[in-house]
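# Geometric and topological summary
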Amino acid sequence: MLKSHRTEEENFYLNCRAAYLAVFKSSLSNITSKEQLCHVLQQAGHNPSQKLLNKYWTPKTKRLNFDDFCEIMQNEKPTQHGEILRVFKKLDINGDGFISQSELHKVLTTTGEKMTEEEVNEIFSSFDINKDGKLDYAEFCRMLESTAEQCQAAAQEKLEADAKLKRQNFGNQSDNSPKTTAPPHQESLQKGEPDAALLRRDSRSSSRPSSARSRRASVSMAITMAATSSRSTKLLEPKSLQEWHHSHLKGCFFLEEDGTIVSLQYRLHISQTTTVYLTIQPLNLSQTQDKPSPWMSVDTALLVIAANEGKEDSNVVCVTEMREKEKCVWKGELSEGTYVLLPLSTGCRLVRSRKPELTGAELVYRNQDSGELELTKEFRAALSTIFDVIDLDGNDLLSLEEYNLFEERTSGEKCDEDAWAVCKENFDTRKNMLTRQGFLELNLMEANDREGDPRDLWITLEAMGFNRALDMVEACPFIINVHCEDVKPILQAVNLESAARTLNTALHCSVISRAEARPIKGHDGVTVYTYRGESRISSVIANKSNQRVVVQVNNEQSKNCVNSRGLSVFAVEVPARTKIVCQHVMPVNERQEWIYSCVESIVS
């Protein structure tokens, strides 16, 4: 094969991009409705059913980007001509190649996704050539296939004809990129989401490497990181730590529908200057000693900022950097005052599950003897895990405050004192708090209120990171420990409305204050800050100019790496006078050396 011929992968992304740009002006645009999703899939040669559309556009979905569209195209193959033909042949009782209008009308208006009578009549008016009430279904199938091909061809012709679009060479996924694609990093990065997986130049042989093409407006960096086992990390744990004052609270990272990662935040009050030993780590909830919880490899960290009420700028005091296995540690002196602890998971390892949704596990059943509804064993186990996650202080009881943080997560509402009093009257409590058994009873009551309909129960489970097999795959419970040498630390969980903005601002300050600054050649107003930490590399792009810029980020030469974007090549739009977290990078295998090699280039 000649080098100028496109690979199957390149053809796939060309088709995706052509379809997307037939509907939108730019592949940086987002799909914002189910109707737009249907339209762009049709441009790609699909005839999407309502079932398929509902699969990817759920009630929680607010937007999909080009990356999401490419994944849908990978997962959903268009219906083949032969498959449709076989269905018609089953309806063709006489085997003469025709089906009557009455037969087709009955099937299309009473089964599956029901069509209206007007839609069925429109099909016949177009393809009942002899006007004898019969449809030549072979010709009808050929028409469907031809229409799909024409949509694809028209979209590609439009793309080829638009030289400006063709020059938007934002990049593509490479063979060494992770199989699981991560979504955009944070909610506050909406304007900087990656223009993921756009096509390379049409001819590899006739174009120079991207680094050479962009040399006038690019900057590069290469860092070799040693394997964890070969680094001499000295733990900072004091020998007398058991004698220090101690507070701890649990929490959980949740992966949202749009790919953002959220969690509670924490207020820490220290009444006098003291030495502090601070840690965060994933929380193992497995009951099997040799089988830890699946989220134990998820990265965690804490950013500590001074609690400056009403101020936009985050005064970052410290960041947990040192690591021992899953534990992330900081030790130092904190002055008297109040601090905000911001948990961070980069998105390198906590990513959306791309496996097809399975039929939901059974949550409730009716006891054959009593006829009463009961919770299944599997559902009880999932609820017990949820109880462990929301029991923040670990005393095996739920206070009203703990329960309300759970309610805010799952329903967006709070339980008031009167409602809590009703709970205490009807469910098992101790010390005015809900026990594990009481929590199970509460969920059983909700199932009874809906006569066994599990839909609301599933909303709760999915909000807590469970899939349809009742595995917690889109969440990572963690635990924070604070030890103070001289004074008892006061730790409180809070749910800050400005959490995403605060975390993002703190990240900018943390990276920029410790990073190597590299201006992009030819664009003095655009600077890339790359920080090399103990176990991750983070970069921030600062655009001080008065115009927005699009920066292509190329990680193709990196080895043994996974990044928070999930793509080896992507583009980030940086508005004027704005800073954006570009990416976080971590090793795939920490026991092996890993090489970070990145080229950032101005595209527009």
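Here goes a summary of the coordinates provided. (Residues numbered from 1 in each chain as written. Predicted model: local features only at pLDDT ≥ 70, side-chain atom pairs only at ≥ 80, totals over all residues. Heavy atoms only, no water.)

The helix and strand inventory of the chain stands at 16 helices and 26 strands. Going through the 604 residues of the chain one by one, you find that 49% of them count as buried. A sequence separation of at least 24 residues applies to 73% of the contacts in the chain between residues at least 6 apart. As displayed, the chain offers around 30400 Å² of accessible surface, 46% of which is attributable to carbon and sulfur atoms. (Helix = DSSP H or I, 4+ residues; strand = E, 2+ residues; numbered from the N terminus. Buried < 20%, exposed > 50% of the residue type's maximum accessible area, 1.4 Å probe, protein only. Contact = heavy atoms within 4.5 Å. Areas by Shrake-Rupley, 256 points an atom, 1.4 Å probe, with all protein chains shown as cover.)

With that settled, the discussion passes to the pairing of strand 12 (residues 337–344). Sheet faces and side chains relate simply in a regular strand, where the side chains alternate between the two faces. Where burial is concerned, most of strand 12 is hidden: seven out of the eight residues are buried. Where strand 6 (residues 265–270) and strand 12 come together, five bridges link them in antiparallel fashion. Bridging from a neighbouring strand, Arg-267 pairs with Val-340 of strand 12. Sheet topology places strand 8 (residues 301–306) next to strand 12; six bridges connect them, and they run antiparallel. Across the sheet, residue Leu-302 finds its bridge partner in strand 12, namely Pro-343. (Pairing = 2+ DSSP bridges.)

Our focus in this paragraph is the sheet that holds strand 6. The strands making up a sheet associate through backbone hydrogen bonding, with each pair oriented either parallel or antiparallel. Strand order in the open sheet formed by five strands is 9-8-12-6-18, with antiparallel pairing between adjacent strands. The open sheet is flanked by strand 9 (316–319) and strand 18 (490–494), the only strands paired with a single partner. Each adjacent strand pair in this sheet contributes to an overall mean axis angle of 25 degrees, direction not counted. (Axes fitted to C-alpha atoms, helices over the stretch in contact; angles between N-to-C directions.)

We now examine the state of the cysteines. Counted by the stated rule, this structure contains zero disulfides. Here Cys-561 is not cross-linked by a disulfide; its sulfur's nearest cysteine counterpart is in Cys-348, at 9.4 Å. You can call Cys-561 buried: its relative accessible area is 15%. (Disulfide = S-S within 2.5 Å.)

Counted under the stated rule, the structure contains 10 aromatic pairs. Between Phe-406 and Phe-439, the aromatic rings sit 5.6 Å apart at their centres with planes inclined by 75 degrees, giving edge-to-face as the arrangement. Taken together, the residues Phe-406 in helix 12 (residues 400–410) and Phe-439 in helix 14 (residues 436–449) connect sequence positions 33 residues apart. Looking at Phe-406, the relative accessible area reads 5%, which means it is buried. Members of the aromatic cluster, each reached through a chain of ring pairs, are Phe-387, Tyr-403, Phe-406, Trp-420 and Phe-439. Cation over ring: Arg-468 sits above Trp-458, and NZ or CZ is 4.4 Å from the ring centre. The positively charged end of Arg-514 is found above the aromatic ring belonging to Tyr-531, 4.1 Å away from the centroid. (Phe/Tyr/Trp six-rings, centres within 6.5 Å; stacked < 30°, edge-to-face > 60°. Lys NZ or Arg CZ within 6 Å of the ring centre and 35° of its normal.)

What follows concerns the pairing of strand 17 (residues 475–484). In terms of residue burial, strand 17 counts as a mostly covered element, since 10 of its 10 residues are buried. Of the two faces of strand 17, the one holding Ala-475, Pro-477, Ile-479, Asn-481 and His-483 and the one holding Cys-476, Phe-478, Ile-480, Val-482 and Cys-484 are both buried throughout. Inspection of the sheet shows strand 4 (residues 245–255) paired to strand 17 by 10 bridges, in the antiparallel sense. Pairing of His-245 across the sheet is with Cys-484, part of strand 17. Direction of pairing for strand 7 (residues 274–282) relative to strand 17: antiparallel, over a ladder of seven bridges. Paired with Leu-278 across the bridge in strand 17 is Val-482.

Further remarks concern helix 4 (residues 66–75). With eight of 10 residues buried, helix 4 lies mostly within the body of the structure. Where helix 4 is concerned, the buried positions are Phe-66, Asp-67, Asp-68, Phe-69, Cys-70, Glu-71, Ile-72 and Met-73. Where helix 4 begins, the capping side chain belongs to Asn-65, and its oxygen is found 3.1 Å from the backbone nitrogen of Asp-67. (Polar contact = N/O pair within 3.5 Å; in protein donor to acceptor, adjacent residues only side chain to side chain.)

If you look at soluble globular proteins, the nonpolar side chains tend to sit buried side by side. Among the nonpolar cores identified, the biggest contains 87 residues, and Tyr-266, Leu-278, Leu-341, Ile-386, Phe-439, Leu-461 and Ile-480 are the most heavily contacted of them. With residues near it in sequence (within four places) discarded, Ile-386 still touches Phe-406, Phe-439, Leu-461, Met-464 and Phe-466. Counting 25 residues, the second largest nonpolar core, distinct from the first, contains Ile-520, Cys-561, Phe-570 and Ile-580. (Core = buried A, V, L, I, M, F, W, Y, C linked by side-chain atoms within 4.5 Å.)

Let us look at the packing of helix 11 (residues 377–390) against helix 14. Two elements in contact, helix 11 and helix 14, have axes whose closest approach is 10 Å; the angle formed by their N-to-C orientations is 125 degrees. If you check the angle between helix 11 and helix 14, you find them oblique. As helix 11 packs across helix 14, the resulting crossing turns out to be right-handed. For the pair helix 11 and helix 14, the contacting residues are Arg-380, Leu-383, Ser-384, Ile-386, Phe-387, Asp-388 and Ile-390 in the first and Arg-436, Gln-437, Phe-439, Leu-440 and Asn-443 in the second. (Parallel < 35°, antiparallel > 145°, perpendicular 65-115°, else oblique. Left-handed = near helix turned anticlockwise from the far one by under 90°.)

A pair can form between side chains of opposite charge whenever their charged atoms are brought close. Considering all chains together, one arrives at 13 salt bridges under this definition. Residues Glu-256 and Arg-409 are paired through a salt bridge, measuring 2.9 Å at the closest nitrogen-oxygen approach. In this pair, Glu-256 is assigned in the loop between strand 4 and strand 5 (261–262) and Arg-409 in helix 12, connecting sequence segments 153 residues apart. Taking relative accessible area as the criterion, Glu-256 reaches 25% and is therefore assigned partly exposed. You can call Arg-409 partly exposed: its relative accessible area is 21%. Of the charged contacts in the structure, one is a salt bridge between Arg-450 and Asp-456, with a shortest N-O distance of 2.4 Å. Salt bridges sharing partners connect three or more residues here, namely Arg-323, Arg-349 and Glu-590. (Salt bridge = Lys/Arg side-chain N within 4 Å of Asp/Glu carboxyl O.)

With that settled, the discussion passes to the packing of helix 2 (residues 34–43) against helix 4. Each packed pair of helices is defined by two parameters, the angle between the axes and the distance between the axes. Packing of helix 2 against helix 4 leaves a shortest axis separation of 12 Å and a crossing angle of 55 degrees. Between helix 2 and helix 4, the angle is such that the two are oblique. The two elements helix 2 and helix 4 cross, and the hand of that crossing is right-handed. Mapping the contact onto sequence places Leu-37, Val-40 and Leu-41 in helix 2 and Phe-69, Ile-72 and Met-73 in helix 4. Of the residues contributing to the contact of helix 2 with helix 4, the split by class is six nonpolar, no polar and no charged. (Nonpolar A, V, L, I, M, F, W, Y, C, P; charged D, E, K, R; others polar.)

Time to look at the environment of Val-340. Summarising the element assignment, Val-340 is placed in strand 12. Assessed through its relative accessible area of 6%, Val-340 is described here as buried. Sequence-wise, Val-340 and Val-494 are 154 residues apart; in three dimensions their C-alpha atoms are separated by 9.4 Å. Ignoring any residue separated from it by four or fewer positions in sequence, one finds Val-340 in contact with Tyr-266, Arg-267, Leu-303, Val-304, Ile-305, Ala-307 and Leu-496.

We now examine the sheet that holds strand 24 (residues 569–574). Pairing is antiparallel across the open sheet formed by four strands, whose spatial order is 3-26-22-24. At either end of the open sheet lies a strand with only one pairing partner, and these are strand 3 (218–225) and strand 24. On average, each strand axis in the sheet is tilted by 20 degrees relative to the strand beside it, whichever way the strands run. One ladder, built from four bridges, connects strand 22 (residues 549–554) with strand 26 (residues 594–602); its direction is antiparallel. Within the sheet, the bridge partner assigned to Val-553 lies in strand 26 and is Glu-600.

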